[in-house]
Amino acid sequence: MAVTVETEAGRQAKARRRAGNRRWRLAAWLIGRSFASMLGLGLVVAIVGLALLGPWIVPYPEHVIGQVNLADKLKPPSMANWFGTDEVGNDILTRIIVGARLSLLVGVGITLAAAAIGVPLGILAGTAGGRTREAIMRFTDLFLSVPGLVLAIALVAALGPGIGNAMVALILVWWPGYVRLAESKALAIREEPYIEAARVVGASRLRILWRHVLPNSISPIIVKMSMDIGQAILAVASLGFIGLGAKPPTPEWGAMISIARGYLPDYWWYAVFPGLFIYLSVLGFNLLGDGLRDILDPRSHRT
Amino acid sequence: MLTYILRRIGLAGLMLFGLVCLTFVIANIAPSDPAALAAGPDAGRSQIEQARREYGLDRPLHEQFLRYVSDLARLEFGRSIATGRPVGADLARYFPATLELCIVAMIIGLVLGVPLGMLSALHKDGPIDHFTRIFAVTGVALPPFWFGLLLQLAFAAWLGWLPTSGRLSVFTEPLEPITGLLLVDSLLRGNGGMFLEAASYIALPALVLSFPCLAQILRVNRSEMVEALRADYIVAARAHGVRPWRLVVVHALKNAMLPTLAIIGLRWGWMISSTVLVETVFDWPGTGLYAVSSAIAGDFKPVMGVTLIVGLNFMIANLLVDLLYGVLDPRLRSA
Amino acid sequence: MTTLLEIDDYRLAFDTFDGTLHVLDGIDIRVEAGETLGVVGETGCGKSVLARSILRLNPTPPARVVSGEIRFRGEDVLALPEAGIRRLRGSAIAMVFQDPATYLNPLLTVATQMEDAIRGQDAAAGGRVRSRKAASAVAADLLAAVGLPEPARLLRSHPHQLSGGMRQRVLIAMALLGNPSLLVADEPTTALDVTVQAQVLALIAGLVRERGLALILISHDLGVVSASCARVAVMYAGTVVEEAPTGELLDRPLHPYSQGLIAAVPDLDRPEVRPRGIAGSIPSLLHPPPGCRFHPRCERATERCRVEKPLLRPLLPGRRVACHHADA
């Protein structure tokens, strides 16, 4: 009999160890499985690195503020200027690296502001219900009645062009998405039995919000934020490209392409390289968001 | 079914009202004085005051709003400052070009996206699946304006296969419009040469515009197909001996198409929105280009006009998707 | 009597992220033509997987056949090409499923689903594919045969417009479309109301009698099985532990698990006897206990049970038991 007890205990210990290992193996598998998530993480780290170190690692620091050096204008890519030079002789690589900081700041700023407005409103709407919910959601729908970029252009047209107003416009375009997401999560969670249980044992509404609703809706919000940073970078560059965002000579990627467009097709490098960086940044944040979803939201993948 | 339709139409009406409110609010947050804008850049103080009275801008806001609504009801969008032409007429001229572009792009997205998504789901985790996954992520991340420029470089400048920009060659005598959609009009008039020319001009911008849409349709369709192929009713249908192709193309795909359809409604909005970029790159004479050039010139009325038209279009598209949903999903029909 | 279905030492594993699940471990079952066999076991013991194995409906991967044969009329089902197995589906072997709400396609009419089945069976048989109209007539006849009123109207409706009992009847009608000789019913009454359960069971029993079908009825409910089957196989954790004529099993179960199972059913005639549960829980199929899979829960387990897997051996005429300690 003693033998049986011992093997039983041993079996349980083994099972516990396996359960512990399982979580780690799952995480490792999810990241490793998807080469794409790793690529996303790598791209994001690279962009953040460029943004942080920008001024110290650029090959031509004097080109950052925009110096006129017509002797070197529109040189094709070479060892001295990897990505060539622009129409006033500035090194394009230098300006792209400096532009990374601007794009990242604007992208993160827009996303954070939009989430800061949208998430509390959404959770409020989802948990309060009734008239409050109706009012918040209808007001949100108002902003969703015009597709994003057009609304942004209308707002910029009203506020006047410029990177600051472009940001304001994009925040106004973006927050409703967070209301929708947070509201749907809060609504779904409100129906869960464990919230019922918490209410029955007398937890206050604020405590339920703080302890149950927020933590359970946070992962889809983080995933959305990661994706949105990429989309916001793209939107700012788009506004820059059509001439309603950052104004040249600000080293903004979209604005650079807008000028470069006039030098196509002969001076192709001028338009190609800034665009490549926009693409890689957006791709990075999208892939990272995808990978985060796999890890944070276990229900989204079933094998 | 009738209540379902009526409810959807009612919701659309509500959205239309919201849209009108939204544009009115935007017009009134402008820091610049609308009267001064309306009077023109060289106007003196008295002229500005006259413009203010003329446009009713000295009236209280609610009266201004009523006037705005009644103007819109008569399809009066005001005048463009830059051209002096009524915005309504401009919209009527530019909108068909944008619509044509979006329709062709949506067709590309559907015709490629749905089968690719299906194929991907059938070969889940195989090489095709990995390839389409990369393709899909790429599509969403690609900046449309940059992608457009790259395609212009490759197909127009270097290879010389397709024209760079515009809707037709400047040397081509334009047709008297019937629908305003060149591809349709040229066919209706039996002008095959013009159809081919129009097709060659629309190919690149439509491809660029369709790309994010194609990518998303592919992704959604793939994951919905994977889900549907695993469903109990598919196991049952297989046990009953339903043919494999019918199993996939009818029994599973019909279920997968519902969420895909919802994406199409949303994506339509994104698409019209992206015409702003694509039309700028390809000099496509549509509402997007019109809005951008007006916004840069500080010409406010056309921008508002385009905003309204785009919003209206988005609303109608969503209404159509809702109705189509009702047709496809019997559960909604009887609800 | 001819043997319709023979399952020999069938082992099936599922390769999952956690490792390999040994879901079926050496199944031995035999069904004669026109015979009714009940398969009883707890949830998760592999009954449904076994049912689906007969028509090769488990997706591979993750499922993987480790060993064994499933012979239908002497032909190894597992070795058939895809076209060969399709020839069996619906026409020779048919299935009735558990939850009629999820096993009917919500977006297609009953007519479309039934016609597709008929035409698919025609195509697999290599003969002429009947027209939709002809198929629809066959479908209407069968709907009437399972006791559904207004078959024509029913054919035009979608599943959500029907009640649970009606849906299950539709699923049964669908199973009969191809005139099968073996019907596999996987928990056909579990998702239904108690009152409807009895009707559906009576319907199945009637059809089996009229058409001379062989039936494999899978259920976790001993009552359901004993009411409609002549013979019962008891499954535990992927193995058949006992097989016996229904009455004999109920009177005198030989395997400790069968004894526990029967003791757990409340006896309405003797309310003073409290039903007893079986101590412990179903073992993990990821790392099943060595030897007899029931030994951790068995009062009679000895060292031999921990080491040596008991084989299903004949003990009395018509009875087989997989236990080292069972005796007649």
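Residues numbered from 1 in each chain as written. Chains lettered and ligands numbered in written order. Predicted model: local features only at pLDDT ≥ 70, side-chain atom pairs only at ≥ 80, totals over all residues. Heavy atoms only, no water.

Contacts between chain C and chain B engage 29 residues on the former and 23 residues on the latter. Summed over the three residues of chain C that lose the most area to chain B, namely C:Leu107, C:Asp116 and C:His160, the buried surface amounts to 25% of that side. In this structure, the connection of chain C to chain B is made through 1 salt bridge. Our count for the contact surface shared by chain C and chain B stands at 8 residue pairs in polar contact (both at pLDDT 80 or more). No other element matches the 7 residues that helix α4 (residues 110-125) of chain C contributes to the side of chain C that touches chain B. (Contact = heavy atoms within 4.5 Å. Buried area = accessible area lost by both parts, 1.4 Å probe. Salt bridge = Lys/Arg side-chain N within 4 Å of Asp/Glu carboxyl O. Polar contact = N/O pair within 3.5 Å; in protein donor to acceptor, adjacent residues only side chain to side chain. Helix = DSSP H or I, 4+ residues; strand = E, 2+ residues; numbered from the N terminus.)

Residues and elements named next belong to chain A. Side chains of Leu-52, Leu-53, Trp-56 and Ile-57 sit close together on the surface and give an oily, nonpolar patch of about 480 Å² of accessible area. Locating Leu-52 in the fold gives a position in helix α2 (residues 35-57). Judged by relative accessible area, which is 56%, Leu-52 ranks as exposed. (Patch = residues over 30% accessible without salt bridge, like charges linked within 9 Å, V, L, I, M, F, W, Y side chains within 5 Å. Areas by Shrake-Rupley, 256 points an atom, 1.4 Å probe, with all protein chains shown as cover. Buried < 20%, exposed > 50% of the residue type's maximum accessible area, 1.4 Å probe, protein only.)

Quick look at the domain arrangement of chain B now. Residue and element names in this part refer to chain B. Taken domain by domain, chain B consists of domain 1 (2-73) and domain 2 (92-334). Between domain 1 and domain 2, the C-alpha centre-to-centre distance is 32 Å. Counting residues at the interface gives 15 residues for domain 1, matched by 14 residues for domain 2. Between domain 1 and domain 2, the buried area comes to about 1,300 Å², and carbon and sulfur atoms account for 85% of it. When residues of domain 1 are sorted by the area they lose upon contact with domain 2, Tyr-4, Arg-8 and Leu-19 head the list and together hold 39% of the total. (Domains from an automatic or database assignment.)

Moving on: the sheet that holds strand β1 (residues 3-16) of chain C. All names here are of chain C. The strand order across the open sheet built from 4 strands is β2-β1-β4-β5, with neighbouring strands paired in antiparallel fashion. Every other strand in the sheet has two partners, leaving β2 (19-32) and β5 (75-76) as the edge strands with one partner each. Of the strands in this sheet, β1, β2 and β4 (63-72) touch helix α1 (residues 47-54), which is tilted by about 120 degrees from β1. (Pairing = 2+ DSSP bridges. Axes fitted to C-alpha atoms, helices over the stretch in contact; angles between N-to-C directions.)

This part covers unusual backbone geometry. Residues and elements named next belong to chain B. The backbone of Leu-75 sits at a positive phi, close to 60 degrees, despite the residue not being glycine. As for its placement among the helices and strands, Leu-75 is situated in the loop between α4 (61-73) and α5 (87-122). Exposure remark for Leu-75: the relative accessible area of 62% places this residue in the exposed category. With phi around 45 degrees, Asp-283 is a residue other than glycine that occupies positive phi space. Within the fold, Asp-283 resides in the loop between α11 (244-282) and α12 (287-296). Residue class for Asp-283 comes out partly exposed when judged on its relative accessible area of 40%.

Further remarks concern empty space enclosed by the protein. Residues and elements named next belong to chain C. One pass over the full model with this rule turns up 3 cavities of 30 Å³ or more. Reported here for the largest cavity is a volume of approximately 70 Å³. Around the largest cavity, the lining residues are Thr-239, Val-240, Val-241, Gly-291, Cys-292, Arg-293, Lys-309, Pro-310 and Ala-322. Considered class by class, the residues forming the lining of the largest cavity number 5 nonpolar, 2 polar and 2 charged. The space that makes up the second largest cavity amounts to roughly 50 Å³. (1 Å grid on protein atoms, 1.4 Å probe; cavity = no way out; pocket = protein on both sides within 12 Å on 5 of 7 lines; lining within 4 Å. Points joined across faces, edges and corners; volume = space filled by probe spheres on them. Nonpolar A, V, L, I, M, F, W, Y, C, P; charged D, E, K, R; others polar.)

Moving on, we get to the pairing of strand β7 (residues 182-186) of chain C. All names here are of chain C. β7 sits mainly inside the fold: 5 of its 5 residues count as buried. Every second residue of β7 is oriented toward a common face, with Leu-182, Val-184 and Asp-186 on one face and Leu-183 and Ala-185 on the other, all of them buried. Pairing geometry for strand β6 (residues 93-96) and β7, over 4 bridges, is parallel. Paired with Val-96 across the two strands is Ala-185, which belongs to β7. In this sheet, strand β8 (residues 214-219) lies alongside β7 in parallel orientation, the contact comprising 5 bridges. Along β8, the bridge assignment pairs Asp-186 with Ile-218. What joins β7 to β8 is helix α8 (residues 194-211), and the crossover it makes is right-handed. (Right-handed = clockwise from strand over helix to strand, strands pointing away.)

All names here are of chain C. One open sheet accounts for 8 strands, arranged β6-β7-β8-β3-β9-β10-β12-β11; its pairing is mixed. On the outer flanks of this sheet lie β6 and β11 (313-316), each paired with one strand and no other. Direction aside, neighbouring strands of the sheet carry axes that sit 25 degrees apart on average. Pairing geometry for strand β3 (residues 36-40) and β8, over 5 bridges, is parallel.

The next subject is the packing of aromatic side chains. Within the structure shown, the criterion is met by 25 aromatic pairs over all chains. Their ring planes at 90 degrees and their centres at 6.5 Å tell us that B:Phe17 and B:Phe65 sit as a pair that is edge-to-face. Here B:Phe17 is found in helix α1 (residues 2-29), whereas its partner B:Phe65 is found in helix α4, with 48 residues between them in sequence. Ring plane angle 85 degrees and centroid distance 4.9 Å describe the contact between C:Tyr236 and C:Phe294, whose orientation is recorded as edge-to-face. Note that C:Tyr236 is positioned in strand β9 (residues 231-236) and C:Phe294 in the loop between α11 (256-263) and α12 (303-307), a separation of 58 residues in sequence. You'll find C:Tyr236 and C:Phe294 in the same group, each marked buried. Chaining the aromatic ring pairs together yields one cluster made of A:Phe83, A:Trp253, A:Tyr263, A:Tyr267, A:Trp268, A:Trp269, A:Tyr270, A:Phe273 and A:Phe277. In this structure, A:Lys224 packs its charged tip against the face of A:Tyr178, placed 5.0 Å from the ring centre. (Phe/Tyr/Trp six-rings, centres within 6.5 Å; stacked < 30°, edge-to-face > 60°. Lys NZ or Arg CZ within 6 Å of the ring centre and 35° of its normal.)

On to the interface of chain A and chain B. Taken together, the 43 residues of chain A in the interface contact 46 residues of chain B. Roughly 3,900 Å² is buried in total at the junction of chain A and chain B, and carbon and sulfur atoms are behind 76% of that figure. Inspection of the chain A/chain B interface yields 1 salt bridge. For B:Arg219, the salt bridge identified is with A:Asp290, shortest N-O distance 2.9 Å. Viewed at the interface, chain B and chain A are joined by 6 residue pairs in polar contact (both at pLDDT 80 or more). Every element with two or more residues in the side of chain A that touches chain B is listed here: α4 (130-144), α5 (148-159), α8 (205-241) and α10 (268-296) of chain A. It is α10(A) that provides the largest number of residues to the side of chain A that touches chain B, a total of 13 residues. Here the side of chain A that touches chain B is composed, by residue class, of 31 nonpolar, 7 polar and 5 charged.

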